[in-house]
Amino acid sequence: MEVNLGSAGSATMEEVVRNLKGAFEKVAANRGAPGPDGKSVREVRDHLPQVISELGPALLAGRYTPGDIRRVWIPKPGGGERGLGIPNVVDRMVQEAVRRVIEPLYEPHFHPSSHGFRPGRSCQTAIAEAQRHTEEGHGWVVDIDLEKFFDRVHHQRLMARLAERISDRRLLILLGQMLKAGVVLPEGVRVSNDEGVPQGGPLSPLLSNIVLDELDRELDRRGLHFVRYADDCNIYVSSERAGKRVMASISTFIRERLRLQVNEKKSAVARPETRHFLGFRLRPQVGGPTEVLLSERTVKRLRDRIRELTPRRPGVAFDATIRAASGYLKGWLGHFGVATEGTSVLFPARAADAHLRLRLRAIQLRHWKTRRTIVRRIISLKTTAKTAFKRIYEGRKSTWALANAPVVTRALSKNYFAVRGLVSLADSFEGIWRSIAASKRQLTLPWGTRRSSSGQQPGS
């Protein structure tokens, strides 16, 4: 029987062992890459009963030692690279089991304005709270960026916080070993780890929240209005002067108390409509609700991602390209679908749709290869033969230039791609907004005029 709940002081290594099987299923569902030992999730699954039968006693007796962590570098949207740490599959299973046992000790005590990596909370709940603060008259934001937060977490301070609620010494020793696990760099060099919480393991999000809960409590003690999502923290104040004062004092607290660093180049006191927060920017309206708009960085990132999903190189199946692009756009909408109705969102959505269709048309023409085949295909899409021959054969246009020719855009139209399953961002946003408007109208209808699905009034 798996244990997913606990109370303060009840976390034990026995509970961790009882959670191993369920923890593995969670790790397997994430489909992560192998760690330094090279063993995949499938290989571990093939020997799972034996792994658990050996791992359980080792954990209880204190013989288990976490393996090294494989370091990989991924590009950051704003430039530079972010280091991820990938533990071995078995180590990830143990981390997930530990997380399941200790999270209930901390989750009920986290501050309500902390939204990252928490059950029932998300980027959308963070943005909703930020909206509320700006609508209440806090029209300036203190945007604090923590420099290399995950790489600079102070181990001793974190272990002291963990010891406040965890009484099982075996579990505390295990957590300390996880924090200090060696790191294998891409070139194969192994380095020790004296500080930081490597991103990539199941336990790191919870540990980061435990560290930054101290910041949340300090902000709350000062009566400040804030929203935090992981290491992104925005504090909302009523004036620029107040914002500068808060920036100075909180930066001192972060540096001296938490032993972390504020990135002064990326941190600022500004109007919220000029700052990037979780991919959005907030624009307060006089006497109205705060608008949630896409940030410039988000629009640029979307355009760059579309280029990556529609490569010029041949060999990628056309339908597979459409599926990949649509899958990404659906996930993108899941995050950014809360944007406020208006041209500030609709224009970049339409531009992204047009950019994607242009690149798909070029890929389709490249798959058709010869102009003779292109003409034949265009004619089959209800274009006159005379027009098709004239426009396709005139001049010495490249495939990418030809993709923007009117005869091609009419034949390979928006509907052509929609039939093949391509998602339209603009249409999706308009559909979301229509649903919201319909819900609001339904809520404002008096009971006597509300109609049932059959068209009859209730009680008729």
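Scroll up for the structure.
What comes next concerns the included structure. (Residues numbered from 1 in each chain as written. Predicted model: local features only at pLDDT ≥ 70, side-chain atom pairs only at ≥ 80, totals over all residues. Heavy atoms only, no water.)

1. What to know about the overall build of the protein chain
At step 1: A tally of regular secondary structure across the protein chain gives 20 helices and 10 strands.
At step 2: Based on the C-alpha atoms only, the size of the protein chain along its principal axes is roughly 85 × 60 × 60 Å.
At step 3: In the protein chain, buried positions account for 45% of the 460 residues.
At step 4: In the structure as shown, the protein chain presents an accessible area of about 23800 Å², 51% of it carried by carbon and sulfur atoms.
At step 5: Taking the 77 positively charged and 47 negatively charged side chains of the protein chain as two groups, their mean positions are separated by 11 Å. (Helix = DSSP H or I, 4+ residues; strand = E, 2+ residues; numbered from the N terminus. Buried < 20%, exposed > 50% of the residue type's maximum accessible area, 1.4 Å probe, protein only. Areas by Shrake-Rupley, 256 points an atom, 1.4 Å probe, with all protein chains shown as cover. Lys, Arg positive; Asp, Glu negative; His and termini not counted. Charge placed at Lys NZ, Arg CZ, Asp CG, Glu CD.)

2. Focus: the pattern of salt bridges
At step 1: In the structure shown here, the tally under the stated rule is 28 salt bridges.
At step 2: One salt bridge in this structure joins Arg 161 and Glu 164, with 3.5 Å as the shortest N-O distance.
At step 3: Judged by its relative accessible area of 57%, Glu 164 falls in the exposed class.
At step 4: Glu 214 is paired through a salt bridge with Arg 257; the nearest N and O atoms lie 3.2 Å apart. Separated by 43 residues along the polypeptide, Glu 214 in helix α10 (residues 204–221) and Arg 257 in the loop between α11 (240–256) and β8 (268–270) bring together distant segments of the chain.
At step 5: One network of salt bridges, in which partners are shared, links Arg 157, Arg 161, Glu 164, Asp 213, Glu 214, Arg 217 and Arg 257. (Salt bridge = Lys/Arg side-chain N within 4 Å of Asp/Glu carboxyl O.)

3. Brief notes about the side chain of Thr 321
At step 1: Along the polypeptide, Thr 321 turns up in helix α13 (residues 318–336).
At step 2: With a relative accessible area of 3%, Thr 321 lands in the buried category.
At step 3: Setting aside residues no more than four positions away along its own chain, Thr 321 makes contact with Leu 309, Thr 310, Val 316, Leu 360 and Ile 363. (Contact = heavy atoms within 4.5 Å.)

4. Let's talk about the pairing of strand β1 (residues 69–75)
At step 1: Of the strand pairs in this sheet, β1 and strand β2 (residues 81–87) are connected by 7 bridges, and their pairing is antiparallel. Opposite Arg 71, over in β2, you have Gly 85 as the bridge partner.
At step 2: Direction of pairing for β1 relative to strand β4 (residues 183–184): parallel, over a ladder of 2 bridges. Looking across to β4, one finds that Ile 69 is bridged to Val 183. (Pairing = 2+ DSSP bridges.)

5. What about the sheet that holds strand β3 (residues 140–145)?
Two strands in a sheet stick together by hydrogen bonds in their backbones, pointing the same way (parallel) or opposite ways (antiparallel).
At step 1: Strand order across the open sheet formed by 4 strands is β6-β7-β3-β8, with antiparallel pairing between neighbours. The strands lining the two open edges of the sheet, one partner per strand, are β6 (225–229) and β8. Each strand axis lies, on average, 20 degrees off the axis of its neighbour in the sheet, ignoring direction.
At step 2: Across 6 bridges, β3 lies against strand β7 (residues 232–237) in antiparallel orientation. Bridge pairing in β7 places Val 141 opposite Tyr 236.
At step 3: This element, α10, spans β6 and β7 of the sheet and lies at about 170 degrees to β6.
At step 4: Running at roughly 20 degrees to β3, α11 makes contact with β3, β7 and β8 of the sheet. (Axes fitted to C-alpha atoms, helices over the stretch in contact; angles between N-to-C directions.)

6. What about the environment of Glu 129?
At step 1: Checked against the element boundaries, Glu 129 lands in helix α6 (residues 123–135).
At step 2: In this structure Glu 129 comes out as buried when scored by relative accessible area, which is 7%.
At step 3: Separated by 281 residues in the primary sequence, Glu 129 and Arg 410 have C-alpha atoms spaced 45 Å apart.
At step 4: If we skip the residues at most four places from it in the chain, Glu 129 touches Pro 112, Ser 113, His 115, Phe 226 and Val 227.

7. Let's talk about helix α2 (residues 20–30)
At step 1: When we look at burial in α2, the residues that qualify are Leu 20, Gly 22, Ala 23, Phe 24, Val 27 and Ala 28.
At step 2: On its buried face, α2 is in contact with α1 (13–18), α3 (41–46), α4 (48–61) and α5 (89–106).

8. Some details on the nonpolar core
At step 1: Counting residues in hydrophobic clusters, the biggest one holds 66 residues, and the most contacted among them are Val 98, Ile 235 and Ile 254.
At step 2: When residues of this core are assigned to their parent elements, the largest contribution, 9 residues, is made by α5.
At step 3: Those residues in contact with Ile 235, other than ones at most four positions away along the chain, are Trp 140, Val 141, Val 142, Ile 144, Leu 219, Leu 224, His 225, Phe 226, Val 246 and Ile 250.
At step 4: Counting 57 residues, the second-largest nonpolar core is a separate cluster that includes Tyr 229, Phe 280, Leu 329 and Ala 405. (Core = buried A, V, L, I, M, F, W, Y, C linked by side-chain atoms within 4.5 Å.)

9. Digging into unusual backbone geometry
At step 1: For Arg 31, which is not glycine, the phi dihedral falls at a positive 55 degrees.
At step 2: Among the secondary structure elements, Arg 31 is positioned in the loop between α2 and α3.
At step 3: Look at Arg 31 and you get exposed, because its relative accessible area is 75%.
At step 4: Positive phi outside glycine occurs at Arg 259, with the angle close to 60 degrees.
At step 5: Considering the arrangement of structural elements, one finds Arg 259 in the loop between α11 and β8.

10. Here we look at the environment of Ser 53
At step 1: Within the element layout of this structure, Ser 53 appears in helix α4.
At step 2: Residue Ser 53 is classed as partly exposed on the basis of its relative accessible area, which comes to 45%.
At step 3: Separated by 249 residues in the primary sequence, Ser 53 and Leu 302 have C-alpha atoms spaced 47 Å apart.
At step 4: Looking at Ser 53, its side chain comes within polar contact range of the main-chain oxygen of Gln 50, at 2.7 Å. (Polar contact = N/O pair within 3.5 Å; in protein donor to acceptor, adjacent residues only side chain to side chain.)

11. Concerning the sheet that holds β2
At step 1: With mixed pairing, the 4 strands of this open sheet are ordered in space as β2-β1-β4-β5. Strands with a single pairing partner mark the edges of an open sheet, and in this sheet they are β2 and β5 (190–191).

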